Amino acid sequence: MARRSPSVPPTAPPKLTAVSQGSVTVRPVVLIAEELSPATVEALGPDVEVRTCDGANREQLLAALPGADALLVRSATRVDAEALAVAKSLRVVARAGVGLDNVDVPAATQAGVMVVNAPTSNVVSAAELAVALLLSVARHVPQATSSLRSGRWERSRFTGTELFEKTIGVVGLGRIGALVAQRIAAFGTTVVAYDPYVTSARAGQLGVRLVTLDELLRISDFITIHLPRTPETVGLIGDAELRRVKPGVRIVNAARGGIVDEAALHAALVDGRVAGAGLDVYVKEPCTDSPLFALDQVVVTPHLGASTDEAQERAGVSVARSVRLALSGELVPDAVNVSGGVIAEDVRPGIPLVEKLGRVFTALAGGVPVQFDVEVHGELIEHDVSVLRLAALKGLLTDVVEDHVSYVNAPVIAADRGIDVRLVTDSASAEFRNVITLRGTLADGRRTSVSGTLTGPKQVEKLVGLDGFDLELPLADHLLVLRYRDRPGVIGAVGGLVGVAGVNIAAMQVARSAEGGQALGVLTLDQALGHEAVERIVAEIGATSVRAVDLGD
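Below you will find a few notes about this structure. Computed from a prediction, not measured in an experiment: that's the story for all the values here.

Brief notes about the packing of aromatic side chains
Working step 1: Inspection of the entire model under this criterion finds two aromatic pairs.
Working step 2: On the basis of an interplanar angle of 85° and a centroid distance of 5.8 Å, the ring pair of Tyr282 and Phe293 is categorised as edge-to-face. Residue Tyr282 is found in the loop between strand 13 (274-279) and strand 14 (298-300), and its partner Phe293 is found in the loop between strand 13 and strand 14; the two are separated by eleven residues along the sequence.
Working step 3: What makes Tyr282 buried here is its relative accessible area of 5%.
Working step 4: Overall, the relative accessible area of 31% leaves Phe293 in the partly exposed class.
Working step 5: On the basis of an interplanar angle of 70° and a centroid distance of 5.4 Å, the ring pair of Phe361 and Phe372 is categorised as edge-to-face. Of the two residues, Phe361 sits in helix 13 (residues 350-365) while Phe372 sits in strand 15 (residues 371-378), which places them eleven residues apart along the sequence. Across the pair, exposure class does not vary: Phe361 and Phe372 are buried alike.
Working step 6: Geometry around Tyr407 places Lys394 over its ring, the cationic atom sitting 5.5 Å from the centre.

Have a look at this one:
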């Protein structure tokens, strides 16, 4: 496959295909189940039908889901197996935010429904709130506000502490933790961090020293939490850890509830081992009644990390763009249940080619393989080509299973059918810059292979190999593949019979192992060839096999 010319203009937004039902053109239906910004609706574009419902109202949601192609939610709508079961047309669920606690991702994957979110939409807002909580705890801002509004002037009561020359411990140096570290360093602080998945080099770029959790607890004047909630992180800061902290430490948790044990934190605050805490998240939410709320040295907010106008709009616009990609049949970078990796521009044009090769493979093999190799040869292997494995599986299974096959559930269906799939890469490609070969072994031992490439400035899809025979002809919607003994008159006979059937031959190529030996003929046709015409060709030329391959939608 040739590389794209630098003169090619940037890719336009994906076009959505409307479906014709009789004389009526039906646009894809996008169901918005919670309030989103006007910019989100605008980003969806004019070529979708937008419907709305109250996702928190279960009956209303279930009634609105049939016929929806996409569902946009925030946090109040529960998208579970029941909801997915009634949404037969659903192709994508988009959560306008970071968390996915309200979406049953495994059930969506099994149903072939893509799940997307906006993982970077709130990182700035969340980082700024953590800094705000840290400063509020250090300077007693909310308590002093409340006191003054009550008519009291209590300056000495609210004496705080500076951040200058203090040690700030950041637990979790991901996107948000890194932003907090950068911002808090500007106060003249020393920043240390605990994150077993971050390299010292990356921490050094941020001006942060990596330490163990024990050391961080021992030396930090302030501790701020920025980890996801997982089985490994729940209770990470518990009673034992809070007995090892530096006396007078102040702790902020604006990440996820449960990472800091709330009961242990309460005890440490009452005992004076911890001087203050700033909390935006809780084990159970909404949370309006907690022993922590009764302590003067605690500053609390109701999970406001993503609650800025900018973050909400950024999240909505981000998932709207993802929905457009999903509805246009493309892979989505923010899809949480598609393991295709980041798609390089040089790789993207090969996705539809490989999907078609998968369908050709199934048609020629007459079934699915038990061993299936996706071989990528040439310069493409400089990039992540794992998406081509997904495309090959989708094509392989599209015409042989009753369920809708997508990039999401193709690996699941393949595993259920016992197909062992491998991605094989090789920098060598003899005749073309890049060649992709699908090679498989069926349960009865038969082997089939199909190879294709893209050529020229227009990136023309070409079939360049079948079962070891070399070819080069454009890949069309309708193919006729013949296997027979090489002898005079066969090509003329085939052409005559196809003409009698009223079908035009666009192109034809013949390859053979040797003169008079096995021959392979491939015809590209303007329309599909009927079963009776195929049977007449078999009888006329004594073909060992004739396969009509129809790739048309």
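Looking at the pairing of strand 8 (residues 167-171)
Working step 1: Most of strand 8 is tucked away: five of the five residues are buried.
Working step 2: You can see the chain leave strand 8, run along helix 7 (residues 175-185) and come back into strand 9 (residues 190-194), and the turn it takes is right-handed.
Working step 3: Here strand 8 pairs with strand 11 (residues 222-225) via four bridges, running parallel. Within the sheet, the bridge partner assigned to Gly169 lies in strand 11 and is Ile223.

Let's talk about the pattern of salt bridges
Working step 1: Counted under the stated rule, the structure contains 25 salt bridges.
Working step 2: In this structure, the salt-bridge partner of Arg91 is Asp69, at a minimum N-O distance of 3.5 Å. Taken together, the residues span a long stretch of sequence, with Arg91 in the loop between helix 3 (81-86) and strand 6 (92-95) and Asp69 in the loop between helix 2 (58-64) and strand 5 (70-73) at a distance of 22 residues.
Working step 3: A salt bridge links Arg439 to Glu375, with the nearest nitrogen and oxygen atoms 2.8 Å apart. Of this pair, Arg439 sits in strand 17 (residues 434-441) while Glu375 sits in strand 15, and the two are 64 residues apart along the sequence.
Working step 4: You can call Arg439 partly exposed: its relative accessible area is 30%.
Working step 5: According to the relative accessible area criterion, Glu375 is buried, its value standing at 10%.
Working step 6: A cluster of three or more residues bridged by salt bridges with shared partners is formed by Arg58, Arg78, Asp80 and Glu82.

A closer look at unusual backbone geometry
Working step 1: For the bond from Glu285 to Pro286, the omega torsion is 0°, close enough to zero to count as cis.
Working step 2: Following the sequence through the fold, Pro286 ends up in the loop between strand 13 and strand 14.
Working step 3: Residue Gln459 is not a glycine yet carries a positive backbone phi of 55°.
Working step 4: Positionally, Gln459 belongs in the loop between strand 18 (447-455) and strand 19 (460-466).
Working step 5: Residue Gln459 is classed as buried on the basis of its relative accessible area, which comes to 15%.
Working step 6: Of note in this structure, Asp467 is not a glycine but carries a positive phi near 50°.

Describing the nonpolar core
The nonpolar side chains of soluble globular proteins are, as a tendency, buried together.
Working step 1: By size, the foremost hydrophobic cluster in this structure holds 74 residues, and its most contacted members are Phe372, Leu388 and Leu466.
Working step 2: Beyond its immediate stretch of four places on either side in the chain, Phe372 contacts Phe361, Ala392, Leu393, Leu396, Ile419, Asp420, Val421, Arg422, Leu438, Arg439 and Gly440.
Working step 3: Ranked by size, the runner-up nonpolar core spans 30 residues in total, among them Ala255, Ala277, Leu279 and Tyr282.

A few points about the sheet that holds strand 18
Working step 1: Spatial ordering of the open sheet is given by 16-15-17-18-19-20, a layout of six strands whose pairing is mixed. Strand pairing shows two members of the sheet lacking a second neighbour, strand 16 (420-426) and strand 20 (469-474), which therefore form its edges. Going across the sheet, the axis of each strand differs from the next one's by a mean of 20°, ignoring polarity.
Working step 2: Note: strand 15 against strand 17, eight bridges, orientation antiparallel. Across the sheet, the residue bridging to Val374 is Leu438, located in strand 17.

Structural notes on the side chain of Arg483
Working step 1: Relative to the helices and strands, Arg483 is located in strand 21 (residues 478-485).
Working step 2: A polar side-chain atom of Arg483 sits 2.4 Å from a polar atom in the side chain of Asp467.
Working step 3: Non-local contacts of Arg483, meaning those with residues more than four positions away in its chain, are made with Asp467, Ala519, Leu520, Ala543, Thr544 and Ser545.

Basis of the calculations
- Residues numbered from 1 in each chain as written.
- Predicted model: local features only at pLDDT ≥ 70, side-chain atom pairs only at ≥ 80, totals over all residues.
- Heavy atoms only, no water.
- Phe/Tyr/Trp six-rings, centres within 6.5 Å; stacked < 30°, edge-to-face > 60°.
- Helix = DSSP H or I, 4+ residues; strand = E, 2+ residues; numbered from the N terminus.
- Buried < 20%, exposed > 50% of the residue type's maximum accessible area, 1.4 Å probe, protein only.
- Lys NZ or Arg CZ within 6 Å of the ring centre and 35° of its normal.
- Right-handed = clockwise from strand over helix to strand, strands pointing away.
- Pairing = 2+ DSSP bridges.
- Salt bridge = Lys/Arg side-chain N within 4 Å of Asp/Glu carboxyl O.
- Core = buried A, V, L, I, M, F, W, Y, C linked by side-chain atoms within 4.5 Å.
- Contact = heavy atoms within 4.5 Å.
- Axes fitted to C-alpha atoms, helices over the stretch in contact; angles between N-to-C directions.
- Polar contact = N/O pair within 3.5 Å; in protein donor to acceptor, adjacent residues only side chain to side chain.

That is the geometry; function is a separate question.
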